[in-house]
Amino acid sequence: DVCIVQLTIAQEKNFKQKLDKDRGFYDMLLRLNGKPIPGIAASQSLPLDPVKRMFQLHWQHSELLSFLKSQGAYLSHVMPEFLLAPEDYKIWTEVNTGLRVRSMRSSGKLSGKSIFVLEDSTFETISKRAWTDVLLQIYKVFVLTRVSSRIVPDPSSLESLQNMPGIKSEPLYSNIYSRYERAVLIWLNKHYEKNRKIVWKDSQRGGIPPMRWIVNFDQDLLDGLVLAAQIAAYCPYLIPTHFIKMYTDPRTHEQLLHNALILVKALHAVHLDMDIKV
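In this report, the structure presented in the accompanying data block is examined. (Residues numbered from 1 in each chain as written. Predicted model: local features only at pLDDT ≥ 70, side-chain atom pairs only at ≥ 80, totals over all residues. Heavy atoms only, no water.)

## A short note on the overall build of the protein
Secondary structure summary: the protein contains 10 helices and 0 strands in total. When its helices and strands are written in sequence order, the protein yields α-α-α-α-α-α-α-α-α-α. Counting all 278 residues of the protein, 41% fall into the buried class. Summarising the internal contacts of the protein: among those between residues at least 6 apart in sequence, 61% fall at separations of at least 24. (Helix = DSSP H or I, 4+ residues; strand = E, 2+ residues; numbered from the N terminus. Buried < 20%, exposed > 50% of the residue type's maximum accessible area, 1.4 Å probe, protein only. Contact = heavy atoms within 4.5 Å.)

Structural data, given as structure tokens:
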């Protein structure tokens, strides 16, 4: 879509009239950021020559990733070439492997380091994952930062959590998570404590799970119960079909795998197919 929009700009003089209806990816970033990304114009066009187009897109994606990382995005695993369209990625590999004119490499536009040449199906999978991660990190750095802590209920206001230590959102309270990510932790605590007695009140596989203090996004989410409680808050119809079957006190790898399978199936049931593996 990034490529199509920019090519349309180059080919249609009156494309600007359509821009309000079908805004481009970089124009979306301009709106979210409030100011242009250094070196990238929202409405710049692409050259029609395939190789030159590939170089410009690769450069744009490199600048985009550098900018997002400077804003706090975690994208060290995403390479600019993963964001190219399949046909442009094929040109990129041909130029890098010498199947196209090597003078393009000597121009300094591409580095001489070793590259991974991916099969078509593998590239499709990695590209989807890369774009998903880019969009999620864009959400984190541009949207999550605007969430006011005043609209996130403090879990300490719940009677059952009054004896638990709270999660504060002051900037210096954590050297791991930003205050915006800690707002998400507050949200996780609130929904888990509110819903654990609702989701698993009739559980035959461990009963109601115990209270817990959720302070991270890895260890505390491993058994799937916290995430299931969040989804149940918005999709309660998944409780009898999916979540009631989870182990509420999983002790073996098989039981953890069972919970993960149910969680992924629940995501697919509501069409949140983000390529998450069990």
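## Observations concerning the nonpolar core
Core analysis: the largest hydrophobic core is formed by 33 residues, its most contacted members being Leu-29, Leu-68, Val-134, Ile-138 and Phe-142. When residues of this core are traced back to their parent elements, those giving at least two are helix H2 (25-33), helix H3 (50-70), helix H4 (86-96) and helix H6 (120-143). With 8 residues, H3 is the single largest residue contributor to this core. Membership of the second largest hydrophobic core comes to 23 residues, among which are Leu-225, Val-226, Phe-243 and Ile-262. (Core = buried A, V, L, I, M, F, W, Y, C linked by side-chain atoms within 4.5 Å.)

## Quick look at the pattern of salt bridges
Pairing of side chains with opposite charge becomes possible as their charged atoms draw close. One pass over the full model with this rule turns up 6 salt bridges. Between Glu-181 and Lys-140 there is a salt bridge; the shortest N-O distance is 3.9 Å. Taken as a pair, Glu-181 in helix H7 (residues 179-199) and Lys-140 in helix H6 lie far apart in primary sequence, 41 residues in all. A salt bridge links Glu-193 to Arg-196, with the nearest nitrogen and oxygen atoms 3.0 Å apart. One end of the pair is Glu-193 and the other is Arg-196, both in helix H7 and 3 residues apart, which spans about a single turn. (Salt bridge = Lys/Arg side-chain N within 4 Å of Asp/Glu carboxyl O.)

## Description of the side chain of Gln-137
Within the element layout of this structure, Gln-137 appears in helix H6. For Gln-137, the side chain forms a polar contact with the main-chain nitrogen of Tyr-74, separated by 2.9 Å. (Polar contact = N/O pair within 3.5 Å; in protein donor to acceptor, adjacent residues only side chain to side chain.)

## Observations regarding the packing of H2 against H3
At a closest axis distance of 13 Å, the pairing of H2 and H3 adopts a crossing angle of 20 degrees. In terms of orientation, H2 lies roughly parallel with respect to H3. By crossing handedness, the relation of H2 to H3 is classed as left-handed. Packed against H2, whose contacting residues are Phe-25, Tyr-26, Leu-29 and Asn-33, the element H3 presents Gln-60, His-61, Leu-64 and Phe-67 at the interface. Taken together, the residues of the contact of H2 with H3 sort by class into 5 nonpolar, 3 polar and no charged. (Axes fitted to C-alpha atoms, helices over the stretch in contact; angles between N-to-C directions. Parallel < 35°, antiparallel > 145°, perpendicular 65-115°, else oblique. Left-handed = near helix turned anticlockwise from the far one by under 90°. Nonpolar A, V, L, I, M, F, W, Y, C, P; charged D, E, K, R; others polar.)

## Quick word on the environment of Ala-85
When you line up the elements, Ala-85 lands in the loop between H3 and H4. For Ala-85, a relative accessible area of 22% puts it in the partly exposed group. In this structure the C-alpha to C-alpha distance between Ala-85 and Leu-57, which are 28 residues apart in sequence, comes to 9.4 Å.

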